[in-house]
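# Coordinate analysis (summary)
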Amino acid sequence: MVEYAPQRFDPSAFAAAGLHLPVHIARSVPKRQAEYFFGRLAARLALEPHGLGAEMVKTGMQREPVWPPGVIGSITHAAPWCAAVVPATRRRGLGIDIEMPLPPDARASVIATALARQELEALAAGAPSIDQETLVALAFSAKESFYKGLHGAVRRFFGFEAMRILAIDPERGHIDFAVAEDLCPEYGSGAKGRAHLRLLADGAVLTAFAR
């Protein structure tokens, strides 16, 4: 995990760090350049313990990170945080996601489009000491992590409604969920799973899903 200040980012950092600067990132706004740079820097740090720190994490057709052959990993960013992970044990899929506290308008949009009433009730019942702002960010993040971790097996877009949150246990650091549609042989309708969570500084949240 890397903490950074996007407003102070200079694109010359790519050359100084020996990181590739794709054309579409070079043409983007400074905020996006900073996200990409620190995401790839975090990826390098995650690869180093595996002896792969010199390998490049490329960008796919859908602008997803393309890891070196045989490697499963995940990158996420939400200023001022950026993180990447490469698991020490063999995994088939992995997703991590960081979210910052959501402002009222964004929170209302997430509730309307990504969370059913039963999910909100389960979150409130399982974590009564956590404010709704953080709970909604956690739910959104968990669904993003689930999507990232399963996308390689499903190979198509699927919406937030495909994952239904059943319970949250912030003390033990996990969110239990059920799958609401047939996504792949491993995760068909009715299958159960678990995402992991961590509360960061300044109200930020981190979730992870591995299979």
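In the block above lies the structure referred to throughout.
Let me sum up the structure you'll find in this document.

Cut-offs applied
Residue positions within a chain follow its written sequence, with the count starting from 1. Confidence filtering applies because this is a predicted model: local features only for residues at pLDDT of at least 70, side-chain atom pairs given and counted only at 80 or more, and all residues used for totals across whole chains, interfaces and linings. Computation of side-chain values: all heavy atoms of the structure, hydrogens and water removed. Paired strands, as defined in this entry, are two strands with at least two bridges between them according to DSSP. Secondary structure elements follow DSSP: runs of H or I of four or more residues count as helices, runs of E of two or more count as strands, with numbering from the N terminus. Aromatic pairing here means that ring centres of Phe, Tyr or Trp (its six-membered ring) are within 6.5 Å. Orientation follows from the plane angle: under 30 degrees is stacked, over 60 is edge-to-face, and everything else is tilted. Only protein chains enter the accessibility calculation, which uses a 1.4 Å probe; a residue whose area is less than 20% of its type maximum is buried, one above 50% is exposed, and one in between is partly exposed. All axes are obtained by fitting lines to C-alpha atoms, using only the stretch in contact for helices, and the reported angles, taken between N-to-C directions, cover 0 to 180 degrees. Each angle is binned into one of four classes, with values under 35 degrees roughly parallel, values over 145 roughly antiparallel, values of 65 to 115 roughly perpendicular, and all other values oblique. For any pair of crossing helices, the crossing counts as left-handed if the nearer helix is rotated counterclockwise from the farther one by less than a right angle, and right-handed if it is rotated clockwise. The contact criterion used is simple: two residues touch if any of their non-hydrogen atoms lie within 4.5 Å. We call Asp, Glu, Lys and Arg charged. Ala, Val, Leu, Ile, Met, Phe, Trp, Tyr, Cys and Pro are nonpolar, and the rest, Gly among them, are polar. Salt bridges are identified by distance alone: a Lys or Arg side-chain nitrogen within 4 Å of an Asp or Glu carboxyl oxygen.

## Topic: the pairing of strand E10 (residues 205-210)
In the sheet, strand E6 (residues 94-99) pairs with E10 via six bridges, with the strands oriented antiparallel. Bridge pairing in E10 links Ile96 to Ala208. Relative to E10, strand E9 (residues 192-199) is paired through four bridges, and the arrangement is antiparallel. Pairing of Arg198 across the sheet is with Leu206, part of E10. Counted between consecutive antiparallel strands, the loop separating E9 from E10 contains five residues, among which Asp202 sits at a positive phi close to 60 degrees.

## Quick word on the packing of aromatic side chains
Applying the stated criterion across every chain yields a total of 16 aromatic pairs. An angle of 65 degrees between the planes, with centres 5.9 Å apart, marks the rings of Phe177 and Phe209 as edge-to-face. Taken as a pair, Phe177 in strand E8 (residues 174-179) and Phe209 in strand E10 lie far apart in primary sequence, 32 residues in all. The exposure class assigned to Phe209 is buried, which follows from its relative accessible area of 1%. Grouped by ring-pair contacts, the aromatic residues Phe146, Tyr147, Phe157, Phe158, Phe177, Tyr187 and Phe209 constitute a single cluster.

## Digging into the packing of helix H5 (residues 117-126) against helix H6 (residues 132-154)
For the pair H5 and H6, the least separation of the axes is 10 Å and the interaxial angle reads 120 degrees. Compared by their axis directions, H5 and H6 come out oblique. Crossing geometry of H5 relative to H6 is assigned as right-handed. Contacts between H5 and H6 involve Glu119, Leu120, Leu123 and Ala124 from the first element and Leu135, Val136, Ala139 and Lys143 from the second. Considered class by class, the residues forming the contact of H5 with H6 number six nonpolar, no polar and two charged.

## Things to note about the pattern of salt bridges
Once their charged atoms are close, side chains differing in charge can pair, the charge on each being opposite to the other. The tally for this structure, following the rule as stated, stands at 11 salt bridges. Its salt-bridge partner being Glu186, residue Arg92 comes within 3.1 Å of it at the nearest N-O pair. Of this pair, Arg92 sits in the loop between strand E5 (81-85) and E6 while Glu186 sits in the loop between E8 and E9, placing them 94 residues apart in sequence. Among the residues examined, Arg92 registers a relative accessible area of 55% and is labelled exposed. Of the charged contacts, one joins Arg172 and Asp169 as a salt bridge, the two residues approaching to 3.9 Å between their closest N and O atoms.

## Description of the environment of His24
Counting through the fold element by element, His24 comes out in helix H2 (residues 23-26). C-alpha separation for the pair His24 and Arg63, spaced 39 residues apart in sequence, amounts to 9.8 Å. The residues touching His24, leaving out its near neighbours within four places in the chain, are Thr59 and Arg63.

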